[in-house]
Amino acid sequence: MEIGSGELPYGEVRKIPVELKNILQNFLESEIMLREKPVIEVFSTPKRTVAFIKKLPLKSPDRELEIIGPPVNISYHGNVPAPPLVQFMKKNEISDHKKIYVVNQKKGAYTAYKKTIKGVSVKNLLTANIPGLVKQIPFRKTMFWLNKEIRFPRPVLWILSLFDGKTASFDFGDIKASNRTYVKGRLSYKMEPVKISNSKDYFDVLSSNGIILRNGDRKKYIESKLENLSKKINADMPEYDDDFIDEIVGLTETPYALLCGFDKKFLSIPKELLSTVMRKHQRFFPLNEDGGLLPFFIAVADVNPVPAVKDSLENNIKSGYSKVLTARLADAEFFFKEDIKKQPLHFVEKTKNILFYEGLGSYFDKTARIRELGIFIAGKLNFSSDVLHNFKTASGLLKFDLATHAVFEFPEMQGIMGRIYAKKAKENSDVSSAIEEHYYPVSKGKKRVLPSNDLSSLCALSDKLDAVFSFAMLKKLPTGESDPFYLRRAMIGIIEIILNKKYKINLSDIYDFYFNEFFKERNFDILKLKVVFMNFADIRFKNFLLSSGYKPDEITSVLAVETLGDFYSSFLKIDFLSKFKLHEEIFELAQIFKRINNIAYKYVQIVSFDKDKLTAPEEIRLVSVFESVKKNTFPLLEITDFTAAMNKIYKLVRPINDFFDNVMVLTEEEDIKNSRIGLLNNILNLLKNFCDFSFLDL
């Protein structure tokens, strides 16, 4: 089956094969119940969605179905069927009650009947159900054209449907399935019908017309052409990420790569701006040699020229691409030259007129908050005076490029143009880089790129924290799938930077500073909002750790007993547990934790003990070891030396076991009982400063 349509969005082209294959597979398994699994292949191009199913029988197999009837005790009067059984027989067209037998169920004995269901034509089953199955494809957006019940991302233009070499006809809206596909005419390039007699014929027709059905095959083909064409001029292999190449794959079914050029004069424009214009706006592949941009690019057209017109067609396409690109580059050149006539401070002033968000002021106001927040964070992290000095300069320039012509026209250049313009204005390299890197972390190719130094990290943290705090105040934190302000991404970025740079800083302290410094005139509950924010941060932190490979029990054992906020210290402890969880020391500590908790959980209010009441040798020794361990453990936890802390705490194992083996905790003497429970609760709290061992999956 082939569904021909208008040009599908490239994102749909990428996901159709997986989604439609699952739908067809589920249908065949549940409805037809074939003895042998058919082979299902699904392909997609911008113009066609194709399902090819092999090893289908002409007819579905006969099968027996056991139908359960009423309970035996109400089904008979003697040997004669009672009304409930008569009704059951009538409903299932059973003429002879002797064919009914008894089965034992959980609720007792029931009547039952085996019904033979004859196989039916698979072709008829498919044609009856295909329209409904197509409707199940979870497209992101659909449209209707004539029939509101029939929806697809683009209008359906034709449907080819063959079963065993014969047309399997069905209607999808106003389109009737036939035995014809459509391909571009070799000279007119209009879509022309081609009659198909079988699957081999179909694939031969598409192949002879240059159509590559598999997304993966188109990708490999395009990549091979990129390599060959770049070698022709000794250029480096073009750089691209998966999303970019997937977009090209999703826009072409007959990919045809061409080496094109542009005027060298445009090389005076920053290469980042040139590359963005080519990639983002024209979907061309820029070409470099040893890091320097060349006046060439590779374009991928969706054509399959015949030899007779190949040269003229190539020249026409190249000329058209070059003209379109020249117009865009001329715009970029004009914007760039206009921008560099002014100093960054000119544009800083203009940010006063660019709204950040209603209720949060302008971008000028935002940078003022970033500056004060960053100074506070720098103090907490004991950054050097050089970092602080550069931050005071950089923080005021972080958003200036939003007021430039280049970024207004090419928004994806924000940060990058800021770095370029700041460098031209003689700002030092660290300040210039921070303007770009305060938008980091970003994904480049398959790598996650983070800020390169403390200055850039400080700018990035301050910017992202301001965004999350301010939108939290406006009650805009995401609760469902929608996240229009990318606050989840901002929070993950904060976590990544803190862990990557090993910053020991508590978000709770930063929150308190922020709202004591800003928005004091607003009428909202700061403490209630803090709980909401910390919960938001907590969920992002847990999800980040899970995606990094840490186990739920390792994460929960630490976060269940810690006040979240110091991400780095929590991470170190979780990482330690991940590596040492199966060591004997952790196992034995978990055992004594559970042993204490089995008694102490009923007496959590008893948190003190009187040493004078504890006179048995085992409890005297336990008190002595506990006080020594407590004294020496907290400093080790403070400096996150968890190996040494574990070894200290481990000294409690034997005294605790001796205590339980020889001392009656719940004695009738109230003072002694309370002191013993108080001692155990103190030991339990010490252990919880390490982690809650009861959550560990050991």
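Computed from a predicted structure; not experimentally measured. (Residues numbered from 1 in each chain as written. Predicted model: local features only at pLDDT ≥ 70, side-chain atom pairs only at ≥ 80, totals over all residues. Heavy atoms only, no water.)

Quick look at the overall build of the protein
We apply this condition: What counts as a helix is a DSSP run of H or I of at least four residues, what counts as a strand is a run of E of at least two, and both are numbered from the N terminus. Only heavy atoms enter the contact rule, under which two residues are in contact if any of them lie within 4.5 Å. Surface exposure here means Shrake-Rupley accessible area, sampled with a 1.4 Å probe, where a residue is shielded only by the protein chains that are shown. Charge convention: Lys and Arg are scored as positive, Asp and Glu as negative, and His as well as the terminal groups of each chain are ignored. Here the site of a charge means atom NZ of a Lys, CZ of an Arg, CG of an Asp or CD of a Glu.
Scanning the protein from N- to C-terminus turns up 25 helices and 22 strands. Principal-axis analysis of the C-alpha atoms places the extent of the protein at approximately 105 × 100 × 50 Å. For the protein, the proportion of contacts with a sequence separation of at least 24, taken over those separated by at least 6, is 68%. On the protein, roughly 35,500 Å² of surface is accessible, and the fraction owed to carbon and sulfur atoms is 50%. Charge-centre separation for the protein: the mean point of 103 positive side chains lies 6 Å from the mean point of 89 negative side chains.

Thoughts on helix H7 (residues 271-282)
Using the following cut-off: The length a helix should cover is 1.5 Å for every residue beyond the first. Categorising residues by exposure relies on relative accessible area from a 1.4 Å probe, with only protein chains included: less than 20% of the type maximum marks a residue as buried, more than 50% marks it as exposed, and the intermediate range marks it as partly exposed.
With 12 residues, H7 extends 15 Å between its outermost C-alpha atoms, agreeing within 8% with the 16 Å of an ideal straight helix rising 1.5 Å per residue. Turning to H7, its buried residues are Leu273, Leu274, Ser275, Thr276, Val277, Met278 and Gln282. Buried residues in H7 make contact with strand S17 (285-289), strand S18 (292-302), helix H8 (310-339) and helix H13 (416-424). Immediately beyond the C-terminal end of H7, within one or two residues, lies arginine 283, with a positive phi of roughly 60 degrees.

Observations concerning the packing of helix H14 (residues 429-437) against helix H15 (residues 454-473)
We count it as follows: Helix axes are fitted only over the stretch in contact, all axes being lines through C-alpha atoms; the angle between N-to-C directions runs from 0 to 180 degrees. Crossing handedness follows the turn of the near helix against the far one: under a right angle anticlockwise gives a left-handed crossing, and clockwise gives a right-handed one. Throughout, the ten residues Ala, Val, Leu, Ile, Met, Phe, Trp, Tyr, Cys and Pro are labelled nonpolar, Asp, Glu, Lys and Arg are labelled charged, and all others, Gly among them, are labelled polar.
Close contact between H14 and H15 brings their axes to 8 Å; oriented N to C, the two are set at 35 degrees. Both H14 and H15 take part in a crossing whose hand is right-handed. Every residue of H15 that contacts H14 at Asp430, Val431, Ser433, Ala434 and Glu437 is listed here: Leu455, Ser456, Cys459 and Ala460. In the contact of H14 with H15, the residues fall into five nonpolar, two polar and two charged.

Digging into the environment of arginine 522
Rule in force here: Within 3.5 Å is the distance limit for a polar contact, defined as a pair of N or O atoms, with the added protein rule that one can donate a hydrogen and the other accept it, and that residues adjacent in sequence qualify only through two side-chain atoms.
As for its position among the elements, arginine 522 is in the loop between helix H17 (507-517) and helix H18 (526-547). Remark: the alpha-carbon pair of arginine 522 and methionine 473, spanning 49 residues in sequence, is separated by 9.1 Å. Apart from the residues lying within four places of it in its own chain, the contact partners of arginine 522 are Gly359, Met473 and Leu474. A polar side-chain atom of arginine 522 sits 2.5 Å from the main-chain carbonyl oxygen of glycine 359.

Examining H18
The first and last C-alpha atoms of H18 sit 31 Å apart over 22 residues, in line with the 32 Å expected at 1.5 Å per residue. Taken as a whole, H18 has its buried residues at Leu529, Lys530, Phe533, Met534, Phe536, Ala537, Asp538, Arg540, Phe541, Phe544 and Leu545. On its buried face, H18 sits against H15, helix H16 (487-501), H17, helix H19 (552-559) and helix H20 (567-580). With a side-chain oxygen lying 3.1 Å from the backbone nitrogen of leucine 527, the N-terminal cap of H18 falls on aspartate 525. Two residues or fewer past H18, glycine 549 is found with a positive phi of approximately 105 degrees.

A short note on the sheet that holds strand S7 (residues 101-105)
Selection criterion: The criterion for strand pairing is that DSSP finds at least two bridges linking the strands in question.
Spatially, S4-S8-S7 is the arrangement adopted by the three strands of the open sheet, whose pairing is antiparallel. Across the chains shown, the open sheet's two edge strands, defined by having one partner strand only, are strand S4 (63-71) and S7. When strand polarity is set aside, the average angle formed by the axes of neighbouring strands in this sheet is 45 degrees. Note: S7 against strand S8 (residues 108-117), five bridges, orientation antiparallel. Along S8, the bridge assignment pairs asparagine 104 with alanine 109. The strands touched by helix H2 (residues 83-91) within the sheet are S4 and S8, with S4 carrying the most contacts at an inclination of about 155 degrees.

Topic: the nonpolar core
Spelled out, the test is: Only buried residues count toward a nonpolar core, which is a set of Ala, Val, Leu, Ile, Met, Phe, Trp, Tyr and Cys residues joined through side-chain atoms within 4.5 Å.
Core analysis: the biggest nonpolar cluster contains 146 residues, and Phe567, Leu652, Phe690 and Phe693 have the highest contact counts within it. The element that contributes the greatest number of residues to this core is H15, accounting for 11 residues. When residues no more than four places from it in sequence are discounted, the contact partners of phenylalanine 690 are Lys573, Phe576, Leu577, Ile586, Leu637, Phe642, Ala645, Met646 and Ile649. Among the nonpolar cores identified, the runner-up in size contains 32 residues, and Ile3, Leu8, Ile32 and Val42 belong to it.

Comments concerning the pattern of salt bridges
Filter applied, for reference: Salt bridges are defined by distance alone: a side-chain nitrogen of Lys or Arg within 4 Å of a carboxyl oxygen of Asp or Glu.
Inspection of every chain in the model, using the stated rule, returns 42 salt bridges. Glutamate 409 is the salt-bridge partner of arginine 328, the closest N and O atoms lying 3.8 Å from each other. Of this pair, arginine 328 sits in helix H8 while glutamate 409 sits in helix H12 (residues 405-409), and the two are 81 residues apart along the sequence. Of the charged contacts in the structure, one is a salt bridge between glutamate 372 and arginine 371, with a shortest N-O distance of 3.9 Å. Given the relative accessible area of 30%, glutamate 372 is considered partly exposed. Each of Lys366, Arg369, Lys399, Asp463 and Asp466 takes part in one network of salt bridges that share partners.

Some points on the packing of H7 against H8
Counted only if it meets this: Angles below 35 degrees are treated as roughly parallel, those above 145 as roughly antiparallel, those between 65 and 115 as roughly perpendicular, and all remaining angles as oblique.
In contact at an axis separation of 10 Å, H7 and H8 are set at 135 degrees when each is read in the N-to-C sense. Judged by the inter-axis angle, H7 sits oblique to H8. Considering how the two elements wind past one another, H7 and H8 form a crossing that is right-handed. Here Leu273, Leu274, Val277, Met278, His281 and Gln282 of H7 come into contact with H8, specifically with Val324, Leu325, Arg328, Leu329, Ala332 and Phe336. Looking at the contact of H7 with H8 residue by residue, the classes come out as nine nonpolar, two polar and one charged.

Brief notes about the packing of aromatic side chains
Threshold: Any Phe, Tyr or Trp ring, taking Trp's six-membered ring, that has another such ring centre within 6.5 Å forms a pair; planes under 30 degrees apart are called stacked, those over 60 apart edge-to-face, and the others tilted. Any Lys NZ or Arg CZ found within 6 Å of a ring centre and within 35 degrees of that ring's normal is scored as a charge over the ring.
Here the structure, examined in full by the defined rule, presents 39 aromatic pairs. An angle of 20 degrees between the planes, with centres 4.5 Å apart, marks the rings of phenylalanine 576 and phenylalanine 580 as stacked. Here phenylalanine 580 and phenylalanine 576 lie together in helix H20, a separation of four residues that amounts to about one turn. Residue classification places phenylalanine 576 among the buried positions, given a relative accessible area of 6%. On the basis of relative accessible area, phenylalanine 580 is assigned to the partly exposed category, the value being 23%. Here the aromatic cluster, defined as three or more aromatic residues joined through ring pairs, consists of Phe469, Tyr511, Tyr514, Phe515, Phe518, Phe519, Phe524 and Phe533. Cation over ring: lysine 352 sits above phenylalanine 364, and NZ or CZ is 4.7 Å from the ring centre. Across from the ring centre of tyrosine 486, 4.4 Å away, lies the NZ or CZ of arginine 489, which sits over that ring.

Points about a nonpolar patch on the surface
We count it as follows: A patch consists of residues whose relative accessible area exceeds 30% and which take part in no salt bridge; residues with like charges are grouped when within 9 Å of each other, and nonpolar side chains (Val, Leu, Ile, Met, Phe, Trp, Tyr) when within 5 Å.
There is a patch of nonpolar side chains on the surface, built from Leu582, Phe587 and Leu698 and spanning about 330 Å² of accessible area. Counting through the fold element by element, leucine 582 comes out in the loop between H20 and helix H21 (584-600). Overall, leucine 582 belongs to the exposed group, its relative accessible area being 75%.

Things to note about the domain arrangement of the protein
This is how it is decided: Segmentation of the chain into domains, including their bounds, is taken from an automatic or database domain assignment. Put simply, buried area is the surface a 1.4 Å probe can reach on two separate parts but cannot reach once they are joined, added for both.
In terms of domains, the protein is made up of domain 1 (2-59 + 121-208), domain 2 (63-117), domain 3 (216-339), domain 4 (346-570) and domain 5 (582-695). Computed over C-alpha atoms only, the centres of domain 4 and domain 5 are separated by 42 Å. Taken together, the contacts link eight residues of domain 4 with seven residues of domain 5. With both sides pooled, the region where domain 4 packs onto domain 5 buries about 630 Å², and carbon together with sulfur makes up 62% of that total. Counting the surface domain 4 buries against domain 5, the share from its top three residues, Lys504, Ser557 and Val561, is 54%. Viewed at the interface, domain 5 and domain 4 are joined by zero salt bridges. In this assembly, domain 4 and domain 5 are joined by two residue pairs in polar contact (both at pLDDT 80 or more). Looking at the side of domain 4 that touches domain 5, the element that brings in the most residues is H19, giving four residues. Across the side of domain 4 that touches domain 5, the residue classes tally to three nonpolar, three polar and two charged.

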